[in-house]
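# Architecture at a glance
The primary structure of each chain is shown beneath.
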Amino acid sequence: MKFLNISDIKLKVTLSPEDCRDYGIDTAKGEISTREVRRAVRVIIERAREECGFSVGSDRILVQTYPLPSGECELLITRLSAVPHRERAVLTSSDGMSTMEHRRGVYRFSSIDDLRSAVRAAYREDAECDLYLDDLGRYYLHVSEHVTDGLSEFEIFIEYGERLAALPIAVLSEYGTHLAGPHAFEYVMHDEI
């Protein structure tokens, strides 16, 4: 894997045929699926931060993929927060472009059964999240999530509860209790509630 810092906001990554195999990217098709890229990009960005100092922090990013006839693949990763609004709109609306971001999401569940079902459906051992309980008996997961093309990796949670724009201030103050964190999934999975 080779990294080239094009600018403070853009990084070029060249994956060898071996790297593509390791990350499950099939360049033979001529087109690479969003699912393949999503799995690889998190690891690639962490490695880029360590090896060449390119960091995206919590910025939304644009990922452009270019499979090469040699079996290699080039990725152009752009931090969108530094791109002018008009140019950003054009970039993100183009075919073949994927946007990714890391954010904190909030999900509310009306019962412990709904909460457990949601966590079972999307369980990840390393997921960072906090669990709160309000005075009405509702549960809140405040989770660190990766979002690709507007869809969260925890999108399935809305089948069991609802997504909120933010954690209610009342839950953070006198009307709520912090039950677990920073890995509340473990707490929920081990029936500690």
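A brief structural summary. (Residues numbered from 1 in each chain as written. Predicted model: local features only at pLDDT ≥ 70, side-chain atom pairs only at ≥ 80, totals over all residues. Heavy atoms only, no water.)

## Some details on the overall build of the chain
When its secondary structure is counted, the chain shows 6 helices and 10 strands. For the chain, buried positions account for 40% of its 193 residues. Taking contacts inside the chain between residues at least 6 apart in sequence as the whole, the part at least 24 apart equals 68%. Approximately 10,500 Å² of the chain is accessible, and the part contributed by carbon and sulfur atoms is 48%. (Helix = DSSP H or I, 4+ residues; strand = E, 2+ residues; numbered from the N terminus. Buried < 20%, exposed > 50% of the residue type's maximum accessible area, 1.4 Å probe, protein only. Contact = heavy atoms within 4.5 Å. Areas by Shrake-Rupley, 256 points an atom, 1.4 Å probe, with all protein chains shown as cover.)

## Focus: the environment of Gly161
For Gly161, the location among the structural elements is in the loop between strand 8 (151-152) and strand 9 (162-164). Looking at Gly161, the relative accessible area reads 22%, which means it is partly exposed. Along the primary structure Gly161 and Tyr140 are separated by 21 residues, whereas in three dimensions their C-alpha atoms are 9.4 Å apart.

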